Amino acid sequence: MQELTHYIGGQHVKGKSGRFADVMNPATGEVQAKVPLASNDEMAEAVAVAAKAQVGWAATNPQKRARVLMKFVELLHRDMDKLAEALSREHGKTIPDAKGDVIRGLEVAEFCFGAPHLLKGEFTEGAGPGIDMYSLRQPLGVVAGITPFNFPAMIPMWKFCPAIAAGNAFILKPSERDPSVPLMLAELMSEAGAPDGILNVVNGDKDAVDAILDHPEIMAIGFVGSTPIAQYIYARGCANGKRVQCFGGAKNHMIIMPDADMDQAVDALIGAGYGAAGERCMAISVAVPVGEKTADLLIEKLAPRVEALKIGPYTGGDDVDFGPLVTKQARDRVLGLVNSGVEQGAKLVVDGRDFKLQGYENGNFIGGCLFDNVTRDMDIYTQEIFGPVLSVVRAPNYAEALRYPMEHEYGNGTAIYTRDGDTARDFVSRINIGMVGVNVPIPVPLAYHTFGGWKKSGFGDLNQHGPDAFRFYTRTKTVTARWPSGIKEGAEFVIPTMG
Ligand code: NAD
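Criteria and cut-off values
Residues numbered from 1 in each chain as written. Predicted model: local features only at pLDDT ≥ 70, side-chain atom pairs only at ≥ 80, totals over all residues. Heavy atoms only, no water. Near = heavy atom within 4 Å. Polar contact = N/O pair within 3.5 Å; in protein donor to acceptor, adjacent residues only side chain to side chain. Helix = DSSP H or I, 4+ residues; strand = E, 2+ residues; numbered from the N terminus. Nonpolar A, V, L, I, M, F, W, Y, C, P; charged D, E, K, R; others polar. Domains from an automatic or database assignment. Core = buried A, V, L, I, M, F, W, Y, C linked by side-chain atoms within 4.5 Å. Buried < 20%, exposed > 50% of the residue type's maximum accessible area, 1.4 Å probe, protein only. Contact = heavy atoms within 4.5 Å. Phe/Tyr/Trp six-rings, centres within 6.5 Å; stacked < 30°, edge-to-face > 60°. Pairing = 2+ DSSP bridges. Axes fitted to C-alpha atoms, helices over the stretch in contact; angles between N-to-C directions. Patch = residues over 30% accessible without salt bridge, like charges linked within 9 Å, V, L, I, M, F, W, Y side chains within 5 Å. Areas by Shrake-Rupley, 256 points an atom, 1.4 Å probe, with all protein chains shown as cover. Salt bridge = Lys/Arg side-chain N within 4 Å of Asp/Glu carboxyl O.

Under an unreviewed UniProt entry, the name given to the protein is methylmalonate-semialdehyde dehydrogenase (CoA acylating), and the source organism is Hoeflea alexandrii.

Structure (structure tokens):
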């Protein structure tokens, strides 16, 4: 049995706590590795190593730091197949989707090539007699990221690339379900030239997270995961005086107007609802067709497409649409919610509950499920399912359809399908959700924009990646300087103003 490690100070370090978690292969149900779960003391050791390394790294000029990221990107391309294979083996997603996971992270690394520009401060010459005023963007010191299982390459990179480019040292606590790729990323960062201790991976569970939350030298925490944990981390991290941003769960609605291109809308729902087995925070889990005719046509076109979905292991070749759920517990939870939908009166148009794959009987597979006539009091509507389950909630008109995502507690992403510019513009303007698509089902912003949800999908001020990431991982210092220093004005007892 492979025993995974931590990665601290540029080397693999064995776990010392004596506690381990099983790392499963979701397609076969077999335990394939053990990952150590760090203690408070192990976390403290990693922070001490990071703090020591950070001083020299912050003094390294930003162009040189950016060059490390350039090399890192080159190495990611070199090792793409290896990374994707390791990712799929622990997560279960298909190989092309795993490559997408790496590439979406790599694109943020590419954005960080612009660190010298992004870190420039502001300057006012002659703010007073002989006085110049300017601001500096300085790194915070040691910062941390706590990341979920569903994007084990992308989300760690969203966190550590900007933080490192900005001159911080980073502690990554990845998901204990798929820790191999984060360890590989740390090795590649060392190979790319990051000094030892600049990127550390400390594996673990709640104990490791609590150690991060309470460590006085960790200045900022970026978290992505489920909403209850996001709220816990936000509250405890803030109470300890840290800068904290937490991104949580989602329930993303897609509104289909009567004038929408229905084939395009159906393609969008198939990809966005069932891709990665629905284990995406930007998955569409609710379709809201407007008007009975639109709804009937949508169901008529969707149902055969959901029935035809190809489900299999990542080794199953190019025609596999999605793989197993990450754990048996995740599968049981999704099945429980599907059962509750049936019991609460929704119509299960396509039932994937009994899906079985020969040779993979112990895998966490579930077939695509499609519900019609879902109402807003049902558990399948109120809760994030995080599985290949799409709920259709029929709306009589646009005004009513708009209310559904607006009144839902989550506010990560949403989309509208229409050919009418007025409706689209109204939707974009009024919706209280962080990321909005117009005829685009998964409106994930590119690396140079920022990513973040509203309401219970995001806690804290700034978003992930884009310019916000550099704001989050730096602090501003504003300097007022008088040169020549000899200008005499006499003592002033009144607060200085511009007169
Ligand atoms: P999770 O909340 O179970 O775990 C996330 C991280 O928190 C992991 O590193 C885990 O070890 C840690 N953790 C788990 N339980 C903890 C506890 N009790 N105390 C302290 N730390 C704990 O989430 P997950 O199942 O890994 O990921 C799926 C969730 O992430 C979904 O809700 C999904 O919507 C969300 N997600 C959100 C975004 C976003 O940007 N909004 C992106 C991806 C995933």
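So, next bit.
K.L.:
What is the right way to read the site of the ligand from this model?
P.N.:
Close to the ligand lie 27 residues, the nearest being T147, K173, E176, S226 and E384. E176 places a side-chain nitrogen or oxygen 2.6 Å from an oxygen atom of the ligand. A distance of 3.3 Å separates an oxygen atom of the ligand from a polar atom in the side chain of R177. Elements with a minimum of two residues in the shell around the ligand: helix 8 (206–214) and strand 11 (218–224). Split into classes, the residues belonging to the shell around the ligand amount to 13 nonpolar, nine polar and five charged. If you count residues domain by domain, the shell around the ligand takes at least three from each of domain 1 (2–248 + 457–479) and domain 2 (252–438).

K.L.:
What am I meant to see in the nonpolar core here?
P.N.:
Among soluble globular proteins, nonpolar side chains are generally buried collectively. In this structure, F72 and F160 are the most contacted members of the largest nonpolar core, which totals 95 residues. With nine residues, the single largest contributor to this core is helix 6 (residues 154–165). Counting residues domain by domain, this core receives three or more from each of domain 1 (2–248 + 457–479) and domain 2 (252–438). In this structure, F160 is in contact with F72, F170, L172, L185, M189 and L199, ignoring residues within four places of it in sequence. One finds M262, L269, L302 and A395 within the second-largest nonpolar core, a separate group that totals 65 residues.

K.L.:
Even after reading the chapter, I still don't get the packing of aromatic side chains, so can you show me in this structure?
P.N.:
Given two aromatic rings, their pairing is described by the distance between the two centres and the angle made by the two planes. In total, this model carries 11 aromatic pairs according to the counting rule given. Seen in terms of ring centroids, F123 and Y134 are 5.7 Å apart; in terms of plane orientation they differ by 15°. Their pairing is stacked. Placement of F123 in strand 6 (residues 123–128) and of Y134 in strand 7 (residues 131–139) is noted, with a sequence separation of 11 residues between them. Note on F123: relative accessible area 54%, which makes it exposed. Ring centres of Y360 and F365 lie 6.3 Å apart, and the angle between their planes is 80°; on these two criteria the pair is classed as edge-to-face. For Y360, a relative accessible area of 26% puts it in the partly exposed group.

K.L.:
Where do I start with the sheet that holds strand 4 (residues 20–25) in this structure?
P.N.:
With respect to topology, three strands assemble into an open sheet ordered 1-5-4, the strand pairing being mixed. Of all strands in the sheet, those bounded by a partner on one side alone are strand 1 (2–3) and strand 4. As paired elements, strand 4 and strand 5 (residues 30–36) share six bridges and run antiparallel to each other. Residue pairing for strand 5: F20 is matched across the bridge by P36. Lying over the sheet, helix 3 (residues 80–91) contacts strand 4 and strand 5, oriented at roughly 100° with respect to strand 4.

K.L.:
Which parts of the structure should I look at to understand a nonpolar patch on the surface?
P.N.:
There is a patch of nonpolar side chains on the surface, built from F493, V494 and I495 and spanning about 430 Å² of accessible area. Within the secondary structure layout, V494 lies in the segment after strand 23 (474–482).

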